[in-house]
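Chain and residue survey
What follows is the residue order along each chain.
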Amino acid sequence: MTPNVDVRAFMYHDVRDMKDTAFKTRLGLKSFLSTLQFKNQLKYITERYEIISAYDLPSVSRGKYAILTFDDGLKDHYNVASLLADMNITGAFFIPSNAIKNRKVIQSHKIQFILASLPEKEVVTKIFEGLKCAKEERKYLWDKFSTSKWKDNWWTKEMVFTTNILRLHKNRDEITNELFKEYVEQDEAFFCEDFYLKEHQIKDMVSAGMDIGGHGHLSEPLTSLNQEDDVSSSIKFIRKFHNKDVIYSYPNGDYNKETIKVMNKYNCKFAFTTKHGDIRTNSRDLELPRHDAPRSLPL
């Protein structure tokens, strides 16, 4: 990029109306938008920025630009893509291959829907019951997992604890799956039908001019996985839809030096993090910052 270029990448997840979900508590969180709220933000952005594709980054000159990114391969994004296409705008949609291909719910989504299905304090109690731990161990686990690493955290202690322990504890999969089946939905594939994109919809989105990128195979923090296996599976799936250079969004914003090596090995062009900030001339192509749109733009 040439000097004095101002590029802001905005990060979105759910864009869905309350009437279209049985989990209103979840959509009431600050991370998610209604269709009207998204349209209002889109109006705000288009009045102040020229929206570009991620692939345009090397060629932009002086000006104010925005890139719209959408994580998690959600069913909502099919309607979002249609809205953008009608406005002749490109968005970058990052796809978790296991959720789309094998109809498996992403771990972080299971946690979100568990929290949306029960009172938060009850979720904590159920977790402790599942772990079968003594009172002393409960205090240790609470102290360890109830503290947020984010300076601008707005979650309750119970939300932080639930999210952390169900991501990091050695028995996380067993407990999360049991709670999801009991309180959310027993049939993951059935649940996915109303939550994630289908392959034919992704093809439609590409035909409409949208950019499609990787968001991991399991869409779990890469540093906790065999990174090359997960990334290679993800990229192989994305190749079904286009032959452009690979773009990527790190699941949960998690990456390290090994991640960068893997991305270079598979010729990834650009990769987005969850670090807050603008894309500058000296920004590293595989460590691009973004702004959380629902929290950084007026509704």
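Computed from a prediction, not measured in an experiment: that's the story for all the values here.

With that settled, the discussion passes to the nonpolar core. By size, the foremost hydrophobic cluster in this structure holds 60 residues, and its most contacted members are Tyr 12, Leu 68 and Leu 84. Ala 54, Tyr 65, Ile 67 and Ala 92 belong to the second-largest nonpolar core, a separate cluster that totals 16 residues.

With the rule as written, the count across this model stands at 19 aromatic pairs. Taking the centre distance of 6.0 Å and the plane angle of 70° together, the rings of Phe 38 and Phe 70 count as edge-to-face. Here Phe 70 lies in strand β3 (residues 63-71) and Phe 38 lies in helix α2 (residues 35-48), a separation of 32 residues in the sequence. The pair Phe 38 / Phe 70 is uniform in exposure class, with both members buried. Considering the side-chain rings of Trp 154 and Trp 155, the 6.2 Å spacing of their centres and the 85° angle between planes classify their relative orientation as edge-to-face. The class for Trp 154 is partly exposed, based on a relative accessible area of 24%. These aromatic residues form a ring-pair network of at least three members: Phe 23, Phe 113, Phe 180, Phe 191, Phe 195 and Tyr 196. We note Arg 26 situated over the ring of Phe 32; from NZ or CZ to the ring centre the distance is 4.4 Å. Here Lys 110 stacks its cationic end above the ring of Phe 180, 5.8 Å away from the centre of that ring.

Conventions adopted
- Residues numbered from 1 in each chain as written.
- Predicted model: local features only at pLDDT ≥ 70, side-chain atom pairs only at ≥ 80, totals over all residues.
- Heavy atoms only, no water.
- Core = buried A, V, L, I, M, F, W, Y, C linked by side-chain atoms within 4.5 Å.
- Buried < 20%, exposed > 50% of the residue type's maximum accessible area, 1.4 Å probe, protein only.
- Phe/Tyr/Trp six-rings, centres within 6.5 Å; stacked < 30°, edge-to-face > 60°.
- Helix = DSSP H or I, 4+ residues; strand = E, 2+ residues; numbered from the N terminus.
- Lys NZ or Arg CZ within 6 Å of the ring centre and 35° of its normal.

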